[in-house]
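Structural overview for review
Below, each chain spelled out in residue letters.
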Amino acid sequence: MSINSLGQLYFEHLQIPLKERATKENEEDASVDTSQQNQEDLGLWEEKFGKYVDVKVNGPASIGLDFSLHGFEYLYGIPQHAESHQLKNTGDGDAYRLYNLDVYGYKINDKMGIYGSVPYLLAHKLGRTLGIFWLNSSETLVEINTEPAVKYSLTQMGTVAAKQKVRSRTNVHWMSESGIIDVFLLTGPTPSDVFKQYSSLTGTQAMPPLFSLGYHQCRWNYEDEHDVKAVDAGFDKHDIPYDVMWLDIEHTEGKRYFTWDKKRFPNPKRMQELLQNKKRKLVVISDPHIKIDPDYSVYAKAKEQGFFVKNHEGGDFEGVCWPGLSSYLDFTNPKVREWYSGLFAFSVYEGSTDILYIWNDMNEPSVFKGPELTMHKNAIHHGNWEHRELHNIYGFYQQMATAEGLIQRSKGKERPFVLTRSFFAGSQKYGAVWTGDNMAEWSYLKISIPMLLTLSITGISFCGADVGGFIGNPEAELLVRWYQAGAYQPFFRGHSTMNTKRREPWLFGEENTRLIRQAIRERYALLPYWYSLFYRAHVTSEPIMRPLWVEFPDELETFGVEDEYMLGSALLVHPVTEPKATVVDVFLPGSNEVWYDPKTFAHWEGACTVKIPVALDTIPVFQRGGSVVPMKTTIGKSTGWMTDIPYGLRVALSTESSAVGEFYLDDGHSFQYLHQKQFLHRKFSFCSGVLINSCADERGHYLSKCVVEQILVLGLKKQPSLVTMHSSDGKDKPVAFTYCAETSTLSLEKLSLNIGTDWKVYIK
């Protein structure tokens, strides 16, 4: 990597504000700074955007720097854009823009900024991965120009003309509207090294409460308590598991956050009790804009203490959002964050209980009558910082304050769950992110995969897209395909806007209900694997949803793939994103790999593309040979019902007839795993016909009654003559087994092996 090789280092220092400059007589003096006058003449001290005028009191203050990456053609990162996973050349069009905006029904294949920004990219080539983290929260543009490798170029060396191979090179030019140059170069050399280096700067993914990995049901808006009760009952009636009911802004009294509409939700605690009895949760919305109403206590208290963002004239900034005229809390001020966190206390937030969690929306921040529907850049924050300096980090600070509030209300005991729409580098420490106001169209289902892969590799593992599309009415086939895709993505929520038809999973006929039920149940069966992946992301920074190049960094064919991905290192998922598809081309990477279909037990060797027939009930998922995937043997109404349900292990053998896997378990909701080391971390290994369950982390201690009831071994070449298990009591017991020579599978049932103790299963 070389820096400033194109000479694009640029740094405009802050200048004396116009009103503080010398009098006109002094300006006419010969010693006047003509460059400042020239800039003024060019209109750089004021910028017009439609009817809005942005006055730059310190003059223009942009910064920029270029980086040349030698031998690199594949770059990824800088979310959020509805674009391909691999970053494109910008020479012929727009630069990638990082500027958090509320964009309803955003365009796809577009480089303009939407809800969040992470100014961080990764470059990858055979043998090397590196990263550039440009720490700047003002509006930022990134230009990318790849010069492909030239096979040979003639070089004149004295009298000899030599042939010299010219390597590819990618130039990256970062430009920010203001701030300082604060850039971190992450040198790898492997993808996992870069992930660790980045997380040492910004933090790892927060360990989520287990319920949040289940299915979430949302709509703008569920009408009232009766509606909530009916929808909740509908899931039970149709035997579909779900964990969380969501309420949008209509649940409040005139869009005043921390209140309830007394007609629609007269008894919110009773409603939450109903959900709690079924071991389910509630999420409600809380946005950063506060309705201007002296009788609204949140507004009155914030106003009294000067907690709102100011306009450039010194008064409170006022803008229009859902409640009408509103002021915006200044989350960049630690005192405001501390006060806001206190609003979640049970004694303050009337009607809230410990099953209520939070959704921060519209926090770009969204201002309906502002430039680009956001806050004016010359609004003033705590410390006299202009909004232009920290626009992209505003939503990050709200999510931080919300998460802290949920932790505080439990006196530090319980993990929070907070979903945010706007985000920045480090948002992973505070919860989950989604891709915003997508549309009920096939193209949005398709683009959600590269969008989520890009978020994942830039530290934000807990991410998802609204199932079915937020805007519009999906046809039944699209809805089914979206549920199948969403079930294999980290954050799994169905959501739609208020003017759409109702689309609870049972409203599309019996057959489609069956297919959606099947997709959601597949998610719940894999919860032990999901939870273990989140623990890995939390402690080692490994993304949960991984592009193939991360898992297969030495295989050039994987570098541009974005229609399929790895879930952890064991599962490969290829969602169906085309209507009326009957066959899907799936690339199975790895020349020494073997891949299994977990349903049919068919297997394929890697390093090839296979045509997989698909019906409407099929989502192509493959288990990688050499892996062990822990699962639940049956499904409950929600995650809370599944604590004591036995486990199964699906062991897929590699070409060397071995396999490894891991399993993580704790209480699923508290910080005891951290403070008291109350967790189980187990390792499974299969080698030479022996499956061993051993401890992966001696520091952890957590008692579980749960047992491994079933073990399925895929790819076992010959029928065993005897299977025995050796448990911690020191006794060997024979195990009944079933072997199918046609599919090379061995099935063991009724084992009752405790998940948290050492044991071995011998296959002879």
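Anyway, here's the lowdown on the structure attached to this text. (Residues numbered from 1 in each chain as written. Predicted model: local features only at pLDDT ≥ 70, side-chain atom pairs only at ≥ 80, totals over all residues. Heavy atoms only, no water.)

**Re the sheet that holds strand S6 (residues 74-77)**
Judged by pairing direction, the sheet is antiparallel, and its four strands sit side by side in the order S6-S8-S9-S14 without closing on themselves. Looking along the sheet, the strands with just one partner apiece sit at the ends: S6 and strand S14 (183-186). Mean inter-strand twist for the sheet, computed between neighbouring axes without regard to direction, equals 20 degrees. When S6 meets strand S8 (residues 120-125), the two strands line up antiparallel, connected through four bridges. Bridging across to S8, Tyr76 finds its partner in Leu122. (Pairing = 2+ DSSP bridges. Helix = DSSP H or I, 4+ residues; strand = E, 2+ residues; numbered from the N terminus. Axes fitted to C-alpha atoms, helices over the stretch in contact; angles between N-to-C directions.)

**Section: the packing of aromatic side chains**
This structure, assessed with the given rule, holds 48 aromatic pairs. Measuring from centroid to centroid gives 6.3 Å for Trp260 and Tyr349, while their planes differ by 25 degrees, and the two rings are stacked. Of this pair, Trp260 sits in the loop between strand S16 (244-247) and helix H5 (268-277) while Tyr349 is found in the loop between helix H7 (334-342) and strand S21 (356-360), placing the two residues 89 residues apart along the sequence. Summarising the burial analysis for this pair, Trp260 and Tyr349 share the class buried. Through a chain of ring-to-ring contacts, the aromatic side chains of Phe211, Trp246, Tyr357, Trp359, Phe417, Trp434, Phe462, Phe491 and Phe534 assemble into a single cluster. The ring centre of Trp641 lies 5.5 Å from the NZ or CZ of Lys637, which sits over that ring. (Phe/Tyr/Trp six-rings, centres within 6.5 Å; stacked < 30°, edge-to-face > 60°. Buried < 20%, exposed > 50% of the residue type's maximum accessible area, 1.4 Å probe, protein only. Lys NZ or Arg CZ within 6 Å of the ring centre and 35° of its normal.)

**Focus on a nonpolar patch on the surface**
A cluster of nonpolar residues, Met1, Ile3 and Leu185, forms a patch on the protein surface that exposes about 240 Å² of accessible area. For Met1, a relative accessible area of 39% translates into the label partly exposed. (Patch = residues over 30% accessible without salt bridge, like charges linked within 9 Å, V, L, I, M, F, W, Y side chains within 5 Å. Areas by Shrake-Rupley, 256 points an atom, 1.4 Å probe, with all protein chains shown as cover. Salt bridge = Lys/Arg side-chain N within 4 Å of Asp/Glu carboxyl O.)

**Thoughts on the packing of H7 against helix H9 (residues 394-409)**
In contact at an axis separation of 8 Å, H7 and H9 are set at 45 degrees when each is read in the N-to-C sense. Taken together, the axis directions place H7 and H9 in an arrangement best described as oblique. When you trace H7 past H9, the crossing you get is right-handed. Only Tyr397, Gln398, Met400, Ala401, Thr402, Glu404, Gly405 and Gln408 of H9 make contact with H7, whose side of the interface consists of Arg337, Tyr340, Ser341 and Gly342. (Parallel < 35°, antiparallel > 145°, perpendicular 65-115°, else oblique. Left-handed = near helix turned anticlockwise from the far one by under 90°. Contact = heavy atoms within 4.5 Å.)

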